[in-house]
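An overview of the molecular structure
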Amino acid sequence: MTSAAMRYKEIIGLARGAEENLRTWELARADELEHVLADAHQAVAAAKEREAQTIERVNRWWRMAEDNVSRLSWLETGAGPGPNPSARGAYLDRYLEEVRAAYQDLVQAILKLGWRSR
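Below is a summary of the structure that appears in this document.

Criteria and thresholds
Residues numbered from 1 in each chain as written. Predicted model: local features only at pLDDT ≥ 70, side-chain atom pairs only at ≥ 80, totals over all residues. Heavy atoms only, no water. Helix = DSSP H or I, 4+ residues; strand = E, 2+ residues; numbered from the N terminus. Rg over C-alpha atoms; globule rule 2.2 N^0.38 Å. Buried < 20%, exposed > 50% of the residue type's maximum accessible area, 1.4 Å probe, protein only. Contact = heavy atoms within 4.5 Å. Areas by Shrake-Rupley, 256 points an atom, 1.4 Å probe, with all protein chains shown as cover. Lys, Arg positive; Asp, Glu negative; His and termini not counted. Charge placed at Lys NZ, Arg CZ, Asp CG, Glu CD. Salt bridge = Lys/Arg side-chain N within 4 Å of Asp/Glu carboxyl O. Phe/Tyr/Trp six-rings, centres within 6.5 Å; stacked < 30°, edge-to-face > 60°. Lys NZ or Arg CZ within 6 Å of the ring centre and 35° of its normal. Core = buried A, V, L, I, M, F, W, Y, C linked by side-chain atoms within 4.5 Å. Patch = residues over 30% accessible without salt bridge, like charges linked within 9 Å, V, L, I, M, F, W, Y side chains within 5 Å.

**Some details on the overall build of the protein chain**
In terms of regular secondary structure, the protein chain is built from two helices and zero strands. Relative to the globule expectation of 13 Å for 118 residues, the C-alpha radius of gyration of the protein chain, 32 Å, shows a markedly less compact shape. Principal axes of the C-alpha set define a box for the protein chain whose edges measure 115 × 20 × 20 Å. Evaluated residue by residue, the protein chain yields a buried proportion of 9% over its 118 residues. Counting contacts in the protein chain only where the partners sit at least 6 residues apart, residues at least 24 apart contribute 64% of the total. As presented, the protein chain carries roughly 10200 Å² of accessible surface, and 57% of it is formed by carbon and sulfur atoms. Charged side chains of the protein chain number 17 positive and 18 negative; the gap between the two group centres comes to 5 Å.

**Considerations on the side chain of Thr 54**
Relative to the assigned elements, Thr 54 resides in helix α1 (residues 2-69). Those residues within four positions of Thr 54 in sequence are excluded, and the remaining contacts are Leu 92 and Leu 96.

**Things to note about the pattern of salt bridges**
All chains considered together, the criterion is met by six salt bridges. Between Arg 29 and Glu 32 there is a salt bridge, and its shortest N-O distance comes to 3.0 Å. Of the two residues, Arg 29 and Glu 32 both sit in helix α1, three residues apart, roughly one turn of that helix. Residue classification places Arg 29 among the partly exposed residues on the basis of a relative accessible area of 33%.

**Comments concerning the packing of aromatic side chains**
Scanning the model with the defined rule gives one aromatic pair in all. Centre to centre, the rings of Tyr 91 and Tyr 95 are 6.2 Å apart; their planes meet at 80 degrees, and the pair counts as edge-to-face. The exposure class assigned to Tyr 95 is partly exposed, which follows from its relative accessible area of 28%. One cation-aromatic arrangement involves Arg 94 over Tyr 91; the distance from NZ or CZ to the ring centre is 4.5 Å.

**Some thoughts on the nonpolar core**
The biggest cluster of nonpolar side chains holds six residues, and these are Trp 61, Ala 65, Leu 92, Leu 96, Tyr 103 and Val 107. Looking at this core, the elements with two or more residues in it are α1 and α2 (92-117). In terms of residue count, α2 provides more of this core than any other element does, four residues in total.

**Let's talk about the environment of Val 107**
Structurally, Val 107 can be placed in helix α2. Looking at Val 107, the relative accessible area reads 17%, which means it is buried.

**Quick word on a nonpolar patch on the surface**
A contiguous nonpolar patch, built from Trp 74, Leu 75 and Leu 113 and spanning about 310 Å² of accessible area, is present on the exposed surface. Take Leu 113: its relative accessible area is 32%, and that puts it in the partly exposed class.

**Details of the side chain of Asn 68**
In this fold, Asn 68 is placed in helix α1. Under the relative-accessibility criterion, Asn 68 is labelled buried at 8%.

Below is the structure:
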């Protein structure tokens, strides 16, 4: 009987050890997930801020382009810019550079038209 009681105590000890190991692992995993979640919240906040800055910047370029085009009586501007659902966030800097370059091209073209009309 002593060996059965010893085996029972051994099994109970192993179960308690496994329980403690599982609890330790779960707590560590919970901490890890909290850090991942906090990082994700920061990334979303940064993306929203960058989105707002981009919208403001593109709208400013659009207003400046409208101002330049308004000098041409034969040309009317269309609707303002809107989001492009197929755009990739990783290429945002490239897109902004393209918008800036297109705006500069527009300004140069309007300036050249002004010289020709004189």
